[in-house]
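Structural features, examined
The primary structure of each chain is shown beneath.
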Amino acid sequence: MAKTNPGRFFEDYSIGQVIAHAVPRTLSGGERALYHALYPARHALYSSDEFARACGLPAAPLDDLIAFHTVFGKTVPDISLNAVANLGYAEGRWHLPVYPGDTLRSDSEVIGLKQNSNGKSGVVWVRTRGVNQRGELVVEYVRWVMVRKRNMDLPAPEATIPELAGAVAAQDLVLPEGLDFSDYDFSLAGEPHRWSDYEVGEIVDHVDGVTVEEAEHMQATRLWQNTAKVHFDATFREDGRRLIYGGHVISVARALSFNGLANAQMIVGLNGGAHANPCFAGDTVRAWTEILDKAETAAPGVGALRLRLVACKAGGIPGMLRGEDGKYLPHVLLDLDYWVLIPR
Amino acid sequence: MAKTNPGRFFEDYSIGQVIAHAVPRTLSGGERALYHALYPARHALYSSDEFARACGLPAAPLDDLIAFHTVFGKTVPDISLNAVANLGYAEGRWHLPVYPGDTLRSDSEVIGLKQNSNGKSGVVWVRTRGVNQRGELVVEYVRWVMVRKRNMDLPAPEATIPELAGAVAAQDLVLPEGLDFSDYDFSLAGEPHRWSDYEVGEIVDHVDGVTVEEAEHMQATRLWQNTAKVHFDATFREDGRRLIYGGHVISVARALSFNGLANAQMIVGLNGGAHANPCFAGDTVRAWTEILDKAETAAPGVGALRLRLVACKAGGIPGMLRGEDGKYLPHVLLDLDYWVLIPR
Amino acid sequence: MAKTNPGRFFEDYSIGQVIAHAVPRTLSGGERALYHALYPARHALYSSDEFARACGLPAAPLDDLIAFHTVFGKTVPDISLNAVANLGYAEGRWHLPVYPGDTLRSDSEVIGLKQNSNGKSGVVWVRTRGVNQRGELVVEYVRWVMVRKRNMDLPAPEATIPELAGAVAAQDLVLPEGLDFSDYDFSLAGEPHRWSDYEVGEIVDHVDGVTVEEAEHMQATRLWQNTAKVHFDATFREDGRRLIYGGHVISVARALSFNGLANAQMIVGLNGGAHANPCFAGDTVRAWTEILDKAETAAPGVGALRLRLVACKAGGIPGMLRGEDGKYLPHVLLDLDYWVLIPR
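Here is a short report on the structure shown in this document. Quick caveat: nothing in here was measured; it's all calculated off a predicted structure.

1. A look at the overall build of chain A
- Helices and strands together make up the secondary structure of chain A, namely eight helices and 12 strands.
- For 344 residues, the compact-globule formula gives about 20 Å, and the C-alpha radius of gyration of chain A, at 20 Å, lands near that figure.
- Its C-alpha atoms give chain A principal-axis dimensions of roughly 65 × 45 × 35 Å.
- Out of the 344 residues belonging to chain A, those deemed buried represent 63%.
- Put simply, 77% of the contacts in chain A that link residues at least 6 apart link residues at least 24 apart.
- If you sum the accessible surface of chain A, you get close to 11800 Å²; carbon and sulfur atoms cover 50% of it.
- Averaging the positions of the 33 positive and the 42 negative side-chain charges in chain A gives two centres separated by 7 Å.

2. Observations concerning the relation of the copies chain C and chain A
- When chain C is fitted onto chain A, the two copies agree to an RMSD of 0.0 Å after a turn of 120° and an axial shift of 0.0 Å. Expressed as a symmetry operation, the mapping of one chain copy onto the other fits a three-fold axis. The C-alpha atom lying nearest the rotation axis in chain C is that of Gly30 of chain C; the distance is 2.2 Å.
- In this assembly, only 12% of the residues forming the interface of chain C have copies in chain A that are likewise at the interface, indicating a heterologous arrangement.

3. Comments concerning the packing of aromatic side chains
- Scanning the entire structure with this criterion turns up 30 aromatic pairs over all chains.
- When the centroid spacing of 5.0 Å and the interplanar angle of 50° are considered together, the rings of Phe68 of chain C and Tyr141 of chain C count as tilted. Of this pair, Phe68 of chain C sits in helix α4 (residues 64-80) while Tyr141 of chain C sits in strand β6 (residues 137-148), placing them 73 residues apart in sequence.
- Phe68 of chain C sits in the buried class, given a relative accessible area of 2%.
- Between Phe181 of chain C and Tyr184 of chain C, the aromatic rings sit 5.2 Å apart at their centres with planes inclined by 70°, giving edge-to-face as the arrangement. In terms of burial, Phe181 of chain C and Tyr184 of chain C fall into one category: buried.
- Through a chain of ring-to-ring contacts, the aromatic side chains of Phe68, Phe72, Tyr89, Trp94, Tyr141 and Tyr245 of chain A assemble into a single cluster.
- Its end group placed over the ring of Tyr328 of chain A, Arg322 of chain A keeps NZ or CZ at 4.1 Å from the ring centre.
- For the cation-ring pair, Lys294 of chain B lies above Trp195 of chain B, with the distance from its terminal atom to the ring centre recorded as 4.4 Å.

4. Here we look at the interface of chain C and chain A
- Each side of the interface is counted separately: chain C has 33 residues, and chain A has 42 residues.
- Together, the buried faces of chain C and chain A total about 2900 Å²; carbon and sulfur atoms form 56% of this surface.
- Together, Lys3, Thr4 and Arg222 of chain C form the three largest contributors to the area buried by chain C at its contact with chain A, with a combined 25%.
- Taken together, the connections running from chain C to chain A amount to five salt bridges.
- Where chain C meets chain A, there are 20 residue pairs in polar contact (both at pLDDT 80 or more).
- Looking at the side of chain C that touches chain A, the elements that each hand over two or more residues are β2 (25-26), α1 (29-38), β4 (103-115) and α6 (214-223) of chain C.
- Broken down by element, the side of chain C that touches chain A gets its largest block of residues, six residues, from α6 of chain C.
- Along the lines of polarity and charge, the residues of the side of chain C that touches chain A split into 12 nonpolar, 12 polar and nine charged.

5. Focus on the packing of helix α6 (residues 214-223) of chain A against helix α6 (residues 214-223) of chain B
- Relative to each other, α6 of chain A and α6 of chain B sit at 60°, their axes nearing to 8 Å. The orientation of α6 of chain A relative to α6 of chain B falls into the category oblique. Packed against α6 of chain A, whose contacting residues are Ala215, Met218, Gln219 and Arg222 of chain A, the element α6 of chain B presents Ala215, Glu216 and Gln219 of chain B at the interface.
- Residues belonging to the contact of α6 of chain A with α6 of chain B are distributed by class as follows: three nonpolar, two polar and two charged.

6. Quick look at the relation of the copies chain A and chain B
- Rotating chain A by 120° and translating it 0.0 Å along the rotation axis places it on chain B, where the RMSD comes to 0.0 Å.
- The fraction of interface residues of chain A whose copies in chain B are also interface residues is only 12%, indicating that the copies meet through different surfaces.

7. Details of the pattern of salt bridges
Residue and element names in this part refer to chain A.
- Taken as a whole and assessed by the stated rule, the structure comprises 63 salt bridges over all chains.
- Linking Arg127 and Glu91 is a salt bridge whose minimum nitrogen-to-oxygen distance equals 3.0 Å. Separated by 36 residues along the polypeptide, Arg127 in strand β5 (residues 121-131) and Glu91 in strand β3 (residues 83-94) bring together distant segments of the chain.
- With relative accessibility at 18%, the residue Glu91 sits in the buried group.
- Salt bridges here are not isolated pairs; linked through shared partners, they connect Glu11, Asp12 and Arg150.

8. Considering the interface of chain A and chain B
- Taken together, the 33 residues of chain A in the interface contact 42 residues of chain B.
- For the chain A and chain B pair, buried surface summed over both sides reaches about 2900 Å², with 56% attributable to carbon and sulfur atoms.
- When the buried area of chain A at its contact with chain B is split by residue, Lys3, Thr4 and Arg222 of chain A rank highest and sum to 25% of it.
- Taken together, the connections running from chain A to chain B amount to five salt bridges.
- We note a salt bridge from Glu216 of chain B to Arg222 of chain A, for which the minimum N-O separation is 2.6 Å.
- Summed over the shared surface of chain A and chain B, the result is 20 residue pairs in polar contact (both at pLDDT 80 or more).
- For the side of chain A that touches chain B, the secondary-structure elements that each account for two or more residues are β2 (25-26), α1 (29-38), β4 (103-115) and α6 of chain A.
- Element by element, the count of residues in the side of chain A that touches chain B is highest for α6 of chain A, at six residues.
- Of the residues in the side of chain A that touches chain B, the class split is 12 nonpolar, 12 polar and nine charged.

9. Regarding α6 of chain A
Residue and element names in this part refer to chain A.
- Across the 10 residues of α6, 10 count as buried, placing the element largely inside the fold.
- The set of residues buried in α6 consists of Glu214, Ala215, Glu216, His217, Met218, Gln219, Ala220, Thr221, Arg222 and Leu223.
- Where α6 ends, the next residue or the one after it, Gln225, has phi of about 55°, a positive value.

10. Looking at the pairing of β3 of chain A
Residues and elements named next belong to chain A.
- One ladder, built from eight bridges, connects β3 with strand β6 (residues 137-148); its direction is antiparallel. Each bridged residue has a counterpart across the sheet, and for Ala90 the counterpart in β6 is Val142.
- Relative to strand β9 (residues 266-274), β3 runs antiparallel, the two being bridged by two bridges. Pairing of Gly92 across the sheet is with Leu270, part of β9.

11. What to know about the packing of α1 of chain A against α6 of chain C
- Close contact between α1 of chain A and α6 of chain C brings their axes to 6 Å; oriented N to C, the two are set at 115°. When the axis of α1 of chain A is compared with that of α6 of chain C, the two are roughly perpendicular. The two elements α1 of chain A and α6 of chain C meet at a crossing, and its hand is right-handed. Contacts between α1 of chain A and α6 of chain C involve Ala33, His36, Ala37 and Leu38 of chain A from the former and Met218, Gln219, Arg222 and Leu223 of chain C from the latter.
- Classifying every residue of the contact of α1 of chain A with α6 of chain C gives five nonpolar, two polar and one charged.

12. Here's the deal with the side chain of Lys149 of chain C
Residue and element names in this part refer to chain C.
- If you trace the backbone, Lys149 turns up in the loop between β6 and α5 (186-189).
- Although Lys149 lies buried, it forms no salt bridge, and the closest oppositely charged side chain, Glu11, sits 5.8 Å away as judged by the N-O distance.
- At a separation of 3.1 Å, a polar atom in the side chain of Lys149 contacts the side chain of Gln115.
- Separated by 2.7 Å, the side chain of Lys149 and the backbone oxygen of Leu154 make a polar contact.
- Every residue in contact with Lys149, bar those within four places of it in the chain, is listed here: Phe9, Phe10, Glu11, Gln115, Gly119, Lys120, Ser121, Leu154 and Pro155.

13. A word on unusual backbone geometry
- Residues other than glycine seldom take positive phi values, yet Val207 of chain A does so here, at roughly 70°.
- Mapped onto the fold, Val207 of chain A is located in the loop between β7 (203-205) and β8 (210-211).
- The class for Val207 of chain A is partly exposed, based on a relative accessible area of 32%.
- Of note in the backbone geometry, Glu91 of chain B takes a positive phi value of approximately 50° without being a glycine.

14. Some thoughts on the side chain of Arg242 of chain C
- Mapped onto the elements of the fold, Arg242 of chain C is located in the loop between α6 and α7 (246-256).
- Arg242 of chain C gets classed as buried once you look at its relative accessible area, which sits at 7%.
- At a separation of 2.8 Å, a polar atom in the side chain of Arg242 of chain C contacts the side chain of Glu213 of chain A.
- If sequence neighbours within four positions are ignored, Arg242 of chain C has contacts with Thr211 and Glu213 of chain A together with Glu214, His217, Met218, Val230, His231, Phe232, Asp233, Ala234, Cys279 and Phe280 of chain C.

15. Some thoughts on the state of the cysteines
Residues and elements named next belong to chain A.
- Overall, the coordinates contain zero disulfides over all chains when judged by the stated rule.
- Here Cys312 is not cross-linked by a disulfide; its sulfur's nearest cysteine counterpart is in Cys279, at 11 Å.
- Residue Cys312 is classed as buried on the basis of its relative accessible area of 3%.

Reading the values: the criteria
Residues numbered from 1 in each chain as written. Chains lettered and ligands numbered in written order. Predicted model: local features only at pLDDT ≥ 70, side-chain atom pairs only at ≥ 80, totals over all residues. Heavy atoms only, no water. Helix = DSSP H or I, 4+ residues; strand = E, 2+ residues; numbered from the N terminus. Rg over C-alpha atoms; globule rule 2.2 N^0.38 Å. Buried < 20%, exposed > 50% of the residue type's maximum accessible area, 1.4 Å probe, protein only. Contact = heavy atoms within 4.5 Å. Areas by Shrake-Rupley, 256 points an atom, 1.4 Å probe, with all protein chains shown as cover. Lys, Arg positive; Asp, Glu negative; His and termini not counted. Charge placed at Lys NZ, Arg CZ, Asp CG, Glu CD. Least-squares fit on C-alpha atoms with pLDDT ≥ 70 in both. Phe/Tyr/Trp six-rings, centres within 6.5 Å; stacked < 30°, edge-to-face > 60°. Lys NZ or Arg CZ within 6 Å of the ring centre and 35° of its normal. Buried area = accessible area lost by both parts, 1.4 Å probe. Salt bridge = Lys/Arg side-chain N within 4 Å of Asp/Glu carboxyl O. Polar contact = N/O pair within 3.5 Å; in protein donor to acceptor, adjacent residues only side chain to side chain. Nonpolar A, V, L, I, M, F, W, Y, C, P; charged D, E, K, R; others polar. Axes fitted to C-alpha atoms, helices over the stretch in contact; angles between N-to-C directions. Parallel < 35°, antiparallel > 145°, perpendicular 65-115°, else oblique. Pairing = 2+ DSSP bridges. Left-handed = near helix turned anticlockwise from the far one by under 90°. Disulfide = S-S within 2.5 Å.

Here it is in structure tokens:
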């Protein structure tokens, strides 16, 4: 019997099943340094222990996307090894900042199943939870993927489609204990724009572009111990191209969004997201943001913004997302809907 | 007089000579993060402080190959700057895990010399020892290389060919103090297969492939302060190609072997190894393992496996190593014989 | 109004103006590991805590160029976003070593302004100071750049050209507290050559070459949070090439200079520097050094050397810097004039 992991197929999932993902991971300042080398990340709260302390935190946390990618990477061997497509995200919340020295592990509960009409694959919904070494919840999100069946003759399971919130409600966002933007230093953070300067419907063009290299996206993806073949093996796809991990595009776009949203410090909610078109090495990625919603929070001086972050390759135009047919335009790579915390 | 290092030539070595290698090196979590970015390494004992503590260690050590590459890198300016070929390894043993904050240095003793019949070069055998900041032995191995002569007119030294063990005897393997796999968590480690599940002669195909990039192998090789020109300077070889450091292929293959040998946690012995064919950027590396031997150990719940790890580029077939002429097949990159510790 | 940073134009600067640069940065062992992965850096004082302690320091500092690049990177959004050219450096001094855990921020004072005769741009001189979390001065230097005007109709400001020293005087160099090379271990450092072995006028060819990759220079430049578009966006220049950050070439050349100047441990002064020609991925960089001056210091066993470090691409010849017309030869990439500390 083969000892290698064949991955799970559609018929291997059942509602209520909880899968504990392997390989817990201790993170250090090394992962932060690599994050800064791989992405043009400049948010001050994640760059400087001093700045973070002035905001009420004990030290600079690791980027919220480091926590997300680490937790996500663990799920790949169990959830998406035989996935045909990564269909969506919902109900994502960050519960606790992650600091150097923390160890993350994760599990996923199957909350939805629906076989496709072709009988060859189906959609699996899972709620993934990442916890630290004290068992405290760090980040959670729902993700759904289309997975192949192994045995086409098996009957379809009863369809269960979870009811998912269109967005995390502002009052359900979790604020880090002690967070306080009352004495926030806008000059050190890099821009003067605060919560009240952004209006719903406003579009911010982040201007800068980054041309992506094979060595970069592979290093990033491996760093999260995400070993999906399609990202690393140039012989896997017929066209000889390595598909870039969607999370790499998320981090590139988020880092680019510093230019115009330098004070959108912490990510606290993930409302939804689509990897609209594949990204390949050689693409030059740009980003723009639409302000979707605004909310106050209970923390001193802290407001929340709901943002649509769109990453594009060449040809992308800020504000242009879908064509007349309602489909994503061909240059759109990412459409991400998320909540951030920003000084008021 | 030129102040740059010309390297040693064959006539510069003598039996019993001990060469202290330069540039001691302090390792940190940064080197671990880079190791995870450069290789698809997932062994839980090296990824998680919590997992390592549950196995009786004080924290997650740095990968055993980080220790090996660091010690090896130090030897390059003294041993292999004028080497024509890296011929083999033997009698390698890891004596102590390396933790972030440890400082490694190394020396090599010349234990064998044999001039080639052409009078232009000779084989030099050295026993290299890496020690930490407390002077404790961390890793040792014998390596032999073919080195050019500077002065062809010099007479050959008396030939001394060391007697080397074909393999480290299982009872000579050094087990880390406190190591205990009695409560080993197979679920967190990623696979259910234990010592008793592997049979001598069994072949494990590790399935996954990694296409290697110039930026990756150069970063890895520099990280170990190995500055052999042939890895970095595209004008050095006539064909304009940079030869990939053999140790990079070892680490790629070892990391790939997680898929099927996720519980083969610690490397404790190096019995032999050959870099069968050169590896270049663009090659897609795959790996397979043959179980060569099994042994019990004195540590609770800990068994040992002797493994042949073979790395191949395109065209490699698991189990196929040599042609009818006894030579390595052209797609074979690495043939490594080593001992690992695995839960029983 | 656009929220993104348009950068400052020539008319936005005035004499005496002090600009506090954004995004303070905490450095760790992760940045050191990346420095070793990106550059062939081997100076023992920066590689080993033990070696540094034997030289009177509390631990191995981060490379002096890590401090320089971090401080420099912070200035880019304020000083050189609209720069046409980076014209020179002067009066650079390192005041304190930087250790893992330190947080750096920086500000720049405008000390010179001169509009060009074409009325479309002007030269801006700034004195930049990097300080740590205790407000202690870490590194300072003068830099001048040519910056575009936004409004061509504005009158020229009164020209102010600062008087800058041709070189930092030896007696003005700042020596790290406690530095003591009395018991310096030349064997561990890698070369026997000391202060007295170098003669003014001597040329050292550093021999080794490194072929540079896109992924490497972009990772390095991002690591310092330097986000100048021209280094990252292949669509920015008409020729589709990404210009390599001049500081990357400085670090490559300095690291290569280990071979022949292994004991030139600490950089303490920056007298001047020119990025003579652009460097692009694919170039193979080599380096040579001319000994410009020698000085004694008050620290035990410590001497100072003033060095000209020249980086070249293919075609460079050690000692050949300028053509008959007085201009840099086309293969010269960098001409750097700096002070180092070396055992006497």
